[in-house]
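# Remarks on the overall topology
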Amino acid sequence: MSKNILFLAHVSEAGNTLPKASYDVLGAALELRNHLDGHLTIGLIGADVSAAAETVAGAGADRILAVAGPDFASGRYASDAAAAEAICRSAGADLILAPATSRFMRVLAGVAHRLNGCADTHVTSLEAVNGELRATRWHYRQRIEGVIRRDARPWILLLESGCEAAWVNTKTNGSAGAAKIEVIPVTLPKAATRTVVTGIRSPKSDVQTIRPDANLLFVAGAGWTKKQADGKTHVDQAEPLILDFLRVTGASLGGSKSLVDQSGESQAVLGFMTHLNQVGQTGSTPRHPKGLSTCCHGEEPHVVGWRFINERRAVNLDPNCGWARGKADVLYVADAFEVVAKLNALLAQRSRTSPEPAAQGALVN
Amino acid sequence: MTNGYHIVVCGSVVPDPLQTLEPIQTPTGPALKNEMMLPAVLDPWAAHALYEAANLASKAAGSNSKVWLVSVGPKAKLQQVMMTIAQRVSFELVPVDSSASGFADAHSTAALLAGTIQAIPGLDRARLLVFGGWESASRGAGATMQLVGERLEILDQFQGVDQLSVQADGSFEVLERIEGGRHQVSVCSGPPALFGWATGNLPEPRNNPQVGMANMRTVMPALQRAKSVPLADGGLHFLSASPPKQQRQTRVVKDMSAEQIAQEIAEWIGK
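All chains use their own residue numbering, which begins from 1 and follows the written sequence. As they are written, the chains are lettered A onward and the ligands numbered 1 onward, keeping that order. Only residues with pLDDT of 70 or above have their local features reported here, since the model is predicted, and side-chain atom pairs are shown and tallied only from 80 upward, although totals for entire chains, interfaces and linings are computed over all residues.

All right, on to the overall build of chain B then. A tally of helices and strands in chain B yields six helices and 14 strands. Each of the three principal axes of chain B carries a C-alpha extent, and together these read 65 × 50 × 40 Å. Burial in this document is a count-based property: other C-beta atoms within 10 Å of a residue's C-beta are tallied, and the residue is buried at 20 or more, exposed at 12 or fewer, or partly exposed in between, with C-beta positions derived from the backbone. Counting over 271 residues, chain B shows a buried share of 49%. Whether two residues are in contact depends on their C-beta atoms, placed from the backbone: they are in contact if these lie within 7 Å. Taking contacts inside chain B between residues at least 6 apart in sequence as the whole, the part at least 24 apart equals 77%. Secondary structure counts use DSSP, requiring at least four H or I residues in a row for a helix and at least two E residues in a row for a strand, with both numbered from the N terminus.

What follows is about the overall build of chain A. The helix and strand tally for chain A stands at eight helices and 15 strands. Our radius of gyration is a C-alpha quantity, and the globule rule it is checked against amounts to 2.2 Å times the number of residues to the power 0.38. Expected size for 365 residues packed as a compact globule is a radius of gyration near 21 Å; at 23 Å, chain A falls within 12% of this value. For the C-alpha atoms alone, the extent of chain A along its principal axes is close to 70 × 45 × 45 Å. Put simply, chain A has 365 residues, and 56% of those count as buried. Here the contacts in chain A between residues at least 6 apart in sequence split such that 70% fall between residues at least 24 apart.

Another point: the interface of chain A and chain B. At the junction of the two partners, chain A supplies 82 residues and chain B supplies 68 residues. For the side of chain A that touches chain B, the element with the highest residue contribution is helix α4 (residues 102-114) of chain A, accounting for eight residues. In this classification, Asp, Glu, Lys and Arg are treated as charged, Ala, Val, Leu, Ile, Met, Phe, Trp, Tyr, Cys and Pro as nonpolar, and every other residue, Gly included, as polar. Tallied by class, residues from the side of chain A that touches chain B come to 39 nonpolar, 22 polar and 21 charged. A pair of strands is labelled paired if DSSP reports no fewer than 2 bridges between them. Pairing between strand β7 (residues 144-150) of chain A and strand β13 (residues 236-242) of chain B: six bridges, direction antiparallel. Each residue of the ladder has a partner; that of A:R150, found in β13(B), is B:L236.

A word on the sheet that holds strand β13 (residues 288-294) of chain A. Ordered in space as β12(A)-β11(A)-β13(A)-β14(A)-β15(A)-β14(B), the six strands form an open sheet in which the pairing is parallel. Because the sheet does not close on itself, it has two edges, and the strands there are β12 (252-255) of chain A together with β14 (251-253) of chain B. The average angle at which neighbouring strand axes cross in this sheet is 20°, direction not considered. Pairing of strand β11 (residues 216-220) of chain A with β12(A), which is carried by four bridges, proceeds in the parallel orientation. Paired with A:F218 across the two strands is A:L253, which belongs to β12(A). Convention adopted: a line fitted to C-alpha atoms gives each axis, helices being fitted over their contacting stretch, and angles between N-to-C directions are expressed from 0 to 180 degrees.

With that settled, the discussion passes to the sheet that holds β7(A). Strand pairing in a sheet takes place through backbone hydrogen bonds and is either antiparallel or parallel in direction. The 10 strands lie next to each other as β9(A)-β3(A)-β2(A)-β1(A)-β4(A)-β8(A)-β5(A)-β6(A)-β7(A)-β13(B), forming an open sheet whose pairing is mixed. Since the sheet does not close on itself, it has two edges, and those belong to β9 (181-183) of chain A together with β13 of chain B, each with one partner. Sheet twist, expressed as the mean angle between neighbouring strand axes with direction ignored, is 35°. Here strand β6 (residues 132-139) of chain A runs beside β7(A); their pairing, made up of five bridges, is antiparallel. Residue A:H139 lies in a different strand from β7(A), and its bridge partner there is A:I144.

Right, let's get into the environment of A:G15. All names here are of chain A. Tracing the sequence through the fold places G15 in the loop between β1 (4-10) and α1 (20-36). Classification of G15 by C-beta neighbours within 10 Å gives partly exposed; the count is 13. Once the C-alpha coordinates of G15 and D318 are considered, the two residues, 303 residues apart in sequence, prove to be 49 Å apart.

Take the pairing of strand β4 (residues 29-32) of chain B next. Here strand β3 (residues 23-26) of chain B runs beside β4(B); their pairing, made up of four bridges, is antiparallel. Bridging across to β4(B), B:Q25 finds its partner in B:P30.

Moving on to the environment of B:P17. Assignment of secondary structure puts B:P17 in the loop between β2 (13-15) and β3. Here the alpha-carbon distance between B:P17 and B:P44, two residues 27 residues apart in the chain, equals 9.7 Å. Not counting chain neighbours up to four residues away, the residues in contact with B:P17 comprise A:Q281, A:P301 and B:A137.

Domain assignment breaks chain A into domain 1 (4-193) and domain 2 (216-353). Looking at side-chain class alone, the side of domain 1 of chain A that touches domain 2 of chain A contains no nonpolar, three polar and two charged residues. Boundaries between domains were set according to an automatic or database domain assignment.

Turning to the confidence of the model for chain A, a few remarks are in order. Confidence in the prediction for chain A averages 90 pLDDT; 91% of positions are at 70 or higher. Here pLDDT means the predictor's own confidence in every residue, given as a number from 0 to 100. Contacts from residues 356-365 of chain A, a stretch scored under 50 in pLDDT, to residues over four places away or in other chains number 30 contacts.

Residue and element names in this part refer to chain A. By this rule, a helix spans an expected 1.5 Å times one less than how many residues it contains. Given a rise of 1.5 Å per residue, 17 residues ought to cover 24 Å, and the 25 Å separating the end C-alpha atoms of α1 matches this to within 8%. Of the residues making up α1, those classed as buried are A21, S22, Y23, D24, V25, L26, A28, A29, L32 and R33. Looking at the buried positions of α1, the neighbouring elements they touch are β1, β2 (39-46), α2 (50-56), β4 (95-99), β5 (118-129) and β8 (155-159). Looking one or two places after α1, you find D37, whose phi comes out positive at around 55°.

This part is about the confidence of the model for chain B. For chain B, the average pLDDT comes to 94, and 98% of its residues sit at 70 or higher. The complex model carries a pTM of 0.89, and its ipTM stands at 0.94.

Let us now look at the environment of B:G29. Residue and element names in this part refer to chain B. Mapped onto the elements of the fold, G29 is located in strand β4. The partly exposed category is assigned to G29, around which 17 C-beta atoms lie within 10 Å. Residues G29 and F103 lie 74 residues apart in sequence; the distance between their C-alpha atoms is 8.0 Å. With residues up to four places along the chain from it excluded, the contact list for G29 reads F103, D233 and F238.

Glancing now at unusual backbone geometry. Here A:R153 and A:P154 are connected by a cis peptide whose omega angle stands at 0°. Residue B:P192 follows B:P191 across a cis peptide bond; omega there is 0°. Within the secondary structure, B:P192 is located in the loop between β11 (182-188) and β12 (193-197). Within the chain, A:R141 stands out as a residue other than glycine whose phi angle is a positive 50°.

Structure (structure tokens):
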């Protein structure tokens, strides 16, 4: 039996395209449609979806549905739930694929309840076997991988970024095409407008240290704030060393729990490090092609946050730390203060002699 | 807000993060090897939610606020974890003796939580704030709280919350985590509302034996009364559950100077 598949997305903050992860999910939706001999509908939510719709017009969907208007500009639970519900009902989809953006992670489980369906998040791959869909996701914070199937329909699946090949419009060499959009009118009740999104706030840091698109993740552990060989702490030296490294490499900064927790325990801290930087079991699981750990022991609760870092290197004074036990490709037994200082000098020298900017990856946290 | 808040925190137990987790197959689906033997902790994000709830309740005008902790988990595990948690902040425990497995269905867990919240005597919806972790360290779905909110018909929901500030007019300013290490700022006119907490900004409260003694007067009877409820599979079927297979062959470099290491790392970064 053929399946109705809905690819659901919201417009990006820029308003003229979709978030990058959406095109990965569209690629997965198209592949699934082919495997299941199904029909694909695209559903879009935003203040104005016309420009974003044009970027996916060439995907070959049967329909493009949209809920649009000023009420749907920002990620608010009540309005996004109403919009997504309207699109899902109109599409009559069995399977609904969406990117695991913060906006959709907030709302789509609730939409599944309204549709009497089910939802699964953080899905890393999909497979159709004998007409049956199977999804892979992690449990216990990237420590156990499960393959699941569901009886209930519709089944909403939120896919992680970077796990599927992104759809590229090959018919028009990537350029946008004309989209025929069916706009679904949604009127919000007064109760759905009790919350107003007033803006976006960046962390108080002097520099933006979290860069989801960076090629490299640089993780600082608690060792940066501990006593060094001379019996003293050198936080004043650690801060510029780390910030210089981030500046010359364009890397994204992560921290271990023990380091980010220090700010709440009145210990010497790195001023730019917040809980938002925390990587690991109780932090984030960022996606970068490479990761460099410094002054961090590589204990399991931290390293589970490295599950999607492909190439891993670590600098630590302890040759028996967790990184040495099969968790890193290379462990340098050395003083991170010395190594990063030399590294900064070397990279700064190279950037002066090379016109090319630091390479940027394509994956999102 | 002169009457304070009724804050219901949803939070369960998870295996201590330092434990090795090994999946096994059981007739009812996957489980953890020696699950009942593993030391447990209150789920970290739910713990943050509990600390934030206690902090908000203590600051609310009129101090008429109350905090309930609704916890679904094996009774023995809940009792073990409460010995620690009950010493930190004041709350009334509403336990449900059921599975806290990371392989349990979020929809079934949410139905159980919502039903338990609705059955709390004297709960005032006009003052109701539902707190919980935005994800758990077990299932890690980030779905349960939304499902609880839908069942309670709460339309003002926030996930990845790091800050909740009560304004002079009784409205809330809420900071939710979004991509790129930023926060979305929203203003909600007031209760009822649901908040899935990230880490927040509060340190872990210190143990206070007096708080512990006061809590345990209600915690132990509540645990004894806790109903045992089987959790439905919700139509969720596991085809496999396995730990990651990848084990790297680590090259441990002990005999290179800082300069040589920097050179090697610089080349690796540039590739």
